[in-house]
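Chain residues, written in single-letter form:
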Amino acid sequence: MDAVWFGLNVFLFVDAFLKYEKADKYYYTRKILGSTLACARASALCLNFNSMLILLPVCRNLLSFLRGTCSFCSRTLRKQLDHNLTFHKLVAYMICLHTAIHIIAHLFNFDCYSRSRQATDGSLASILSGLSHDEKKGGSWLNPIQSPNMTVKYVTFTSIAGLTGVIMTIALILMVTSATEFIRRSYFEVFWYTHHLFIFYILGLGIHGIGGIVRGQTEKSMKESHPCKCAESFEMWDDRDSHCKRPEFEGHPPESWKWILAPVILYICERILRFYRSQQKVVITKVVMHPSKVLELQMNKRGFSMEVGQYIFVNCPSISLLEWHPFTLTSAPEEDFFSIHIRAAGDWTENLIRAFEQQYSTIPRIEVDGPFGTASEDVFQYEVAVLVGAGIGVTPFASILKSIWYKFQCADHNLKTKKIYFYWICRETGAFSWFNDLLTSLEQEMEELGKVGFLNYRLFLTGWDSNIVGHAALNFDKATDILTGLKQKTSFGRPMWDNEFSKIATSHPKSVVGVFLCGPQILAKSLRKCCHRYSSLDPRKVQFYFNKENF
């Protein structure tokens, strides 16, 4: 996707560059600025194109709607919707690249404007730069620097284009730097607030071209004095007998607002809908404190409907009026409530957990927006599913496993999935207790129904010492695991993914296998490589499809 999007932007840039390099309308402008005019205009076009698309990947209701309408589409087409944040980042990178090109080009442009305005050699560039600014009605001026004493800094901070350009650049720098992985993970509030500077960026972009600093020859003037005929005889423009008249110029009409108007309206509708849904009353029915500082909230909300693996945005007004944080739903669609598990991972989550730990205070009010779709919704579309959760990343799969339990209870014969491999990787033993009861229930249910082989789950402990290993080794012969109480023994270390994928490929030689991950990017790279490595070249044989949760 990266190479394709970059290639598309290069194509648009080159196409626009050649267009402005050949346009007769800007012949005289190029006499002052040279090829940097085409660079500035081409990068502006690419900026408009990317800015038109930057908001669409974060319109979550739109994506959920498309996911629903694409339920009958091919698996490849539906998977593209799961890359919405990746696409959002790609578009943002292109905006940064074209912004840099645009700024550098205009720095050269203003240098050319300044030098041609100060020139007294009687050249065409100096004549064009000296056209009077007093004849505003005729639009005759070409150089925005009105006098030799006017500085570039003055023009920058007194013109609409210059001022909005500075504001947009500052907003863009703050948004991009605060969106790095480290800041998003460690200081989510900084990322959340600075990212809303996009409002200033969009507003600035909409009015950036109003000043009309970049000017071209008017259509009327082109007919009277075409540059191909009159450029060489510029010294005779003022002669009454000359057929070439002094050219007149007009500002390039603002176009950015045309590109962003529809996406902005769509985004505003999205925000209105999300605000309306967030104001609906949420009733907290149960609060559970789990080990490792994990809070479970069970809630009810009128009209709330969900699918497995979906997520919601949660706001607690008593902590912050503006901050909304995404959490995967851990309940099943068959249950009469919806639940989330919240791990302490920052100021906001720590304050929320602390608020619910205070026994003698009123329960904080919670606002909920969603649910929104993710890749995990497609889990039951695969014959074989591989679920990989790292730490709290197990939450979407808890919803899936619960739903499976209910489907077996109701003897659902429409279940397409025949086998599930579940891998849960944790640093500490306390984390396994979050869903111990669920796994125990599933074990019992599978035995009673004679489907012991349906669910194959493995628990991996990465944060262990010699005492834990020794204790587990001494009790290895017991029927249940000494750490979790489950029949499946806990493994120490990380999974050997090549071995796991090789076994799955051998066991299901003609199956379509969906691999689902909720975890870190480094694990995603390993699993994606394994999916490619162990997928058969023959489409009739085993095929692995990788899916990752993105919030």
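Bear in mind the structure is a predicted one, so any value in this text is a computation, not a measurement.

Draft legend 1. Summary view of the overall build of the chain. A count of helices and strands for the chain gives 21 helices and 14 strands. Among the 551 residues that make up the chain, the fraction classed as buried is 49%. Residue pairs in contact within the chain that sit at least 24 positions apart in sequence constitute 75% of those at least 6 positions apart. Here the chain has roughly 27,900 Å² of accessible surface; of this, 59% comes from carbon and sulfur atoms.

Draft legend 2. Examining the packing of aromatic side chains more closely. In this structure the tally under the stated criterion is 22 aromatic pairs. Ring geometry for Tyr27 versus Tyr28: centroids 5.6 Å apart, planes at 85 degrees, classification edge-to-face. When sorted by exposure, Tyr27 lands in the same class as Tyr28, which is buried. Three or more aromatic residues joined by ring pairs form one cluster here, namely Tyr423, Phe460, Trp497, Phe501, Tyr534 and Phe544. Between Arg274 and the ring centre of Phe313, over which it is positioned, the NZ or CZ distance is 5.2 Å.

Draft legend 3. Region of the structure containing the pairing of strand E9 (residues 384-390). With 6 of 7 residues buried, E9 is to be regarded as a mostly interior element. With 7 bridges connecting them, E9 and strand E10 (residues 419-426) associate as parallel partners. Among the inter-strand pairings, Val388 is bridged to a residue of E10, identified as Tyr423. Strand direction decides the pairing type here: E9 and strand E13 (residues 512-518), joined by 6 bridges, are parallel. Each bridged residue has a counterpart across the sheet, and for Val384 the counterpart in E13 is Val513.

Draft legend 4. Region of the structure containing unusual backbone geometry. Geometrically, the link from Gly370 to Pro371 is a cis peptide bond, its omega value of 10 degrees lying close to zero. Mapped onto the secondary structure, Pro371 falls in strand E8 (residues 367-372).

Draft legend 5. Representation of the sheet that holds strand E11 (residues 455-461). Taken in spatial order, the 6 strands make up an open sheet running E12-E11-E10-E9-E13-E14, and their pairing is parallel. Across the chains shown, the open sheet's two edge strands, defined by having one partner strand only, are strand E12 (490-492) and strand E14 (543-548). The sheet shows a mean angle of 20 degrees between the axes of neighbouring strands, direction not considered. In the packing of helix H17 (residues 395-409) onto the sheet, the strands contacted are E9, E10, E11 and E13, and the crossing angle to E9 comes to about 140 degrees.

Draft legend 6. Up close: a nonpolar patch on the surface. On the surface, Phe157, Leu163, Ile167, Ile199, Phe200 and Leu203 cluster together to form a nonpolar patch covering roughly 590 Å² of accessible area. Counting only elements with at least two residues in the nonpolar patch, the list comes to helix H9 (160-178) and helix H12 (198-207). Here the element with the most residues in the nonpolar patch is H12; it accounts for 3 residues. Take Ile167: it is sitting in helix H9.

Draft legend 7. Representation of the sheet that holds strand E7 (residues 338-343) within the structure. On the basis of which strands lie adjacent, the open sheet formed by 3 strands has the order E3-E4-E7 and antiparallel pairing. Edge strands, defined here as strands with exactly one partner in the open sheet, are strand E3 (282-290) and E7. Between one strand and the next, the sheet's axes are offset by a mean angle of 20 degrees, whatever the strand orientation. The pairing of strand E4 (residues 294-301) with E7 spans 6 bridges and is antiparallel. Looking at E7, one finds that Leu297 is bridged to Ile340. Sitting on the sheet, helix H16 (residues 347-357) is in contact with E3, E4 and E7, with an inclination near 115 degrees to E7.

Draft legend 8. Representation of the UniProt feature "transmembrane region" (unreviewed entry) in the chain. Within the UniProt annotation, "transmembrane region" (unreviewed entry) is assigned to residues 90-108, 154-176 and 196-214. Summarising residues 196-214: 53% helix, 0% strand, and an end-to-end C-alpha distance of 30 Å.

Draft legend 9. Representation of the pairing of E8. Counting buried residues in E8 gives 6 out of 6 residues, a clear majority hidden from the surface. Looking at chain direction, strand E5 (residues 311-315) and E8 are connected through 4 bridges and run antiparallel. Bridge assignment links Val314 to a residue of E8, and that residue is Val368.

Draft legend 10. Spotlight on the side chain of Glu270. If you trace the backbone, Glu270 turns up in helix H15 (residues 256-278). Apart from the residues lying within four places of it in its own chain, the contact partners of Glu270 are Val58, Cys59, Arg60, Asn61 and Leu62.

Draft legend 11. Region of interest: the packing of helix H1 (residues 2-22) against helix H3 (residues 36-53). Contact geometry for H1 and H3: axes closest at 8 Å, N-to-C directions at 140 degrees. Judged by the angle between their axes, H1 and H3 are oblique. Of the two elements, H1 crosses H3, and the hand of that crossing is right-handed. Side by side, H1 and H3 meet where Trp5, Leu8, Asn9, Leu12, Phe13, Ala16, Phe17, Tyr20 and Glu21 of the first sit next to Ala38, Cys39, Arg41, Ala42, Ser43, Leu45, Cys46, Phe49, Asn50 and Leu53 of the second. Residues belonging to the contact of H1 with H3 are distributed by class as follows: 14 nonpolar, 3 polar and 2 charged.

Draft legend 12. Region of interest: the pattern of salt bridges. Taken as a whole and judged by the stated rule, the model has 10 salt bridges. A salt bridge links Arg274 to Asp369; the shortest N-O distance between them is 2.7 Å. With a gap of 95 residues between them, Arg274 in helix H15 and Asp369 in strand E8 connect regions that are remote in the sequence. A single burial state applies to Arg274 and to Asp369, both of which are buried. The residue Asp369 makes a salt bridge to Arg277 at a minimum N-O spacing of 3.2 Å. Separated by 92 residues along the polypeptide, Asp369 in strand E8 and Arg277 in helix H15 bring together distant segments of the chain. Here Arg277 falls in the buried class, since its relative accessible area comes to 17%. Residues participating in the shared-partner salt-bridge network are Glu270, Arg274, Arg277 and Asp369.

Draft legend 13. Molecular detail of the nonpolar core. Formed by 33 residues in total, the largest nonpolar core has its most connected members in Tyr28, Ile32, Leu128 and Trp237. Of all elements in the fold, only H1, helix H2 (27-33), H3, helix H6 (84-118) and helix H7 (124-129) reach the threshold of two or more residues within this core. Not counting residues within four places of it along the chain, the set of residues in contact with Ile32 comprises Cys112, Tyr113, Ser116, Ala125, Leu128, Ser129 and Leu142. Formed by 29 residues, the second largest nonpolar core is a distinct cluster that contains Val308, Val394, Ala398 and Ile420.

Calculation criteria
Residues numbered from 1 in each chain as written. Predicted model: local features only at pLDDT ≥ 70, side-chain atom pairs only at ≥ 80, totals over all residues. Heavy atoms only, no water. Helix = DSSP H or I, 4+ residues; strand = E, 2+ residues; numbered from the N terminus. Buried < 20%, exposed > 50% of the residue type's maximum accessible area, 1.4 Å probe, protein only. Contact = heavy atoms within 4.5 Å. Areas by Shrake-Rupley, 256 points an atom, 1.4 Å probe, with all protein chains shown as cover. Phe/Tyr/Trp six-rings, centres within 6.5 Å; stacked < 30°, edge-to-face > 60°. Lys NZ or Arg CZ within 6 Å of the ring centre and 35° of its normal. Pairing = 2+ DSSP bridges. Axes fitted to C-alpha atoms, helices over the stretch in contact; angles between N-to-C directions. Patch = residues over 30% accessible without salt bridge, like charges linked within 9 Å, V, L, I, M, F, W, Y side chains within 5 Å. Salt bridge = Lys/Arg side-chain N within 4 Å of Asp/Glu carboxyl O. UniProt positions renumbered as here; feature names shortened; annotations may be inferred. Parallel < 35°, antiparallel > 145°, perpendicular 65-115°, else oblique. Left-handed = near helix turned anticlockwise from the far one by under 90°. Nonpolar A, V, L, I, M, F, W, Y, C, P; charged D, E, K, R; others polar. Core = buried A, V, L, I, M, F, W, Y, C linked by side-chain atoms within 4.5 Å.

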